[in-house]
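Understanding the architecture of this molecule
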Amino acid sequence: MRRIEFTGLPGSGKSSIVKEAERTLCVAGSPCFDRDRVAALYPPASSSTFTAVQWLLPPAWRERVARRLFWARVVSEARGRVPGTFPALLSAIQRGAESGGEPAEFVERFVGYATDVLAWHLIASERLAARDVFLCDEGFVQRLVSLVSPGDAKSWLPLIPPVDLLFVVRARRATCMERMQHRPRRLPNRFVGRSPAEIDTALFRMEGTVSELEVALREAGTSVVRVDTDELGLGAATALVVAATTEWMRT
């Protein structure tokens, strides 16, 4: 399995680009998978009872039930293996969250998000073929960015599984704040209840972390592509990601 990760500020357009790029690449026959495709290809149960129940449900409910069972069985099992598989990384992430001055409930929630990222890495690495590509808009690099100030990025790199290709999605902080306010999903949990000035300060610090990790990963040999959604717009940015991914998969 090969990993493509996306990093950038909240609201920069990462998730929108990943969803559309993955759809476009799949139509073209590229072996690219996001989490939904991994879950859909590997249903969590194969019993005759489960199959019968699935066919009695409307198509939309079939997908919903299958996804829920996948989370309840496969993802939960993978979560249970994370502490034993990635003990150093999980401990470092927890220390980073605690040292960031965040409330205890945020630290607990953040470590839970990080555990999900690690669980999905386990699932994808076990179920995808060597040439398959796993696209992650919330992967290891983005978890470090979300810590706001993880310290020297180079000290973190040996702890995370290799990233084969990294897209750094750029946008002005003002653009990100506007998009976060108008998107269907609510603000990220760490920004709820904070003033615009506090959010802008956090985004400013995250920009520095993105730059630090970008430089460190380039020096470590990771292929890095910058995508500016302010200059290009989301449509052209997605086209750039599709073209760069297609070219990268040929090498």
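See above for the structure.
Scope of this entry: the structure provided in the associated data block.

The rules behind each value
- Residues numbered from 1 in each chain as written.
- Predicted model: local features only at pLDDT ≥ 70, side-chain atom pairs only at ≥ 80, totals over all residues.
- Heavy atoms only, no water.
- Salt bridge = Lys/Arg side-chain N within 4 Å of Asp/Glu carboxyl O.
- Helix = DSSP H or I, 4+ residues; strand = E, 2+ residues; numbered from the N terminus.
- Buried < 20%, exposed > 50% of the residue type's maximum accessible area, 1.4 Å probe, protein only.
- Pairing = 2+ DSSP bridges.
- Contact = heavy atoms within 4.5 Å.
- Axes fitted to C-alpha atoms, helices over the stretch in contact; angles between N-to-C directions.
- Phe/Tyr/Trp six-rings, centres within 6.5 Å; stacked < 30°, edge-to-face > 60°.
- Lys NZ or Arg CZ within 6 Å of the ring centre and 35° of its normal.

Some words on the pattern of salt bridges
Using the criterion set out here, one finds 14 salt bridges in the structure. A salt bridge links Glu-214 to Arg-226; its shortest N-O distance comes to 2.9 Å. With a gap of 12 residues between them, Glu-214 in helix H10 (residues 196–219) and Arg-226 in strand E5 (residues 223–228) connect regions that are remote in the sequence. Here the salt bridges share partners, and the residues they tie into one network are Arg-170, Glu-214, Arg-218 and Arg-226.

Considering the pairing of strand E1 (residues 2–8)
Burial analysis of E1 places seven of its seven residues in the buried class, which makes it a mostly covered element. Here E1 shows a buried face lined by Arg-2, Ile-4, Phe-6 and Gly-8 and a second buried face lined by Arg-3, Glu-5 and Thr-7. Taken together, the four bridges between E1 and strand E3 (residues 133–136) define a ladder with parallel strand orientation. Bridging across to E3, Arg-3 finds its partner in Phe-134. With five bridges joining them, E1 and strand E4 (residues 165–170) adopt parallel strand pairing. Bridging across to E4, Thr-7 finds its partner in Val-168.

Thoughts on the sheet that holds E1
With respect to topology, five strands assemble into an open sheet ordered E2-E3-E1-E4-E5, the strand pairing being parallel. The outermost strands of the open sheet, each flanked by one partner alone, are strand E2 (32–33) and E5. Strand contacts of helix H1 (residues 14–27): E1, E2, E3 and E4, with the helix running at about 150° to E1, the strand carrying the most contacts.

Points about the pairing of E4
The element E4 is largely enclosed, with a buried count of six among its six residues. The side-chain alternation of E4 yields two buried faces, one formed by Leu-165, Phe-167 and Val-169 and the other by Leu-166, Val-168 and Arg-170. In the sheet, E4 pairs with E5 via six bridges, with the strands oriented parallel. From the neighbouring strand, Arg-170 faces E5, where its bridge partner is Asp-228.

Considerations on the packing of aromatic side chains
Aromatic ring pairs are reported here in terms of the distance separating the ring centres and the angle at which the planes meet. In this structure the tally under the stated criterion is one aromatic pair. With a centroid separation of 5.0 Å and an interplanar angle of 20°, the aromatic rings of Phe-6 and Phe-167 are classed as stacked. Here Phe-6, found in strand E1, pairs with Phe-167, found in strand E4; they are 161 residues apart in sequence, far enough to count as distant. In terms of burial, Phe-6 and Phe-167 fall into one category: buried. The cationic tip of Arg-37 hangs over the ring face of Phe-33; the distance from NZ or CZ to the ring centre is 4.3 Å.

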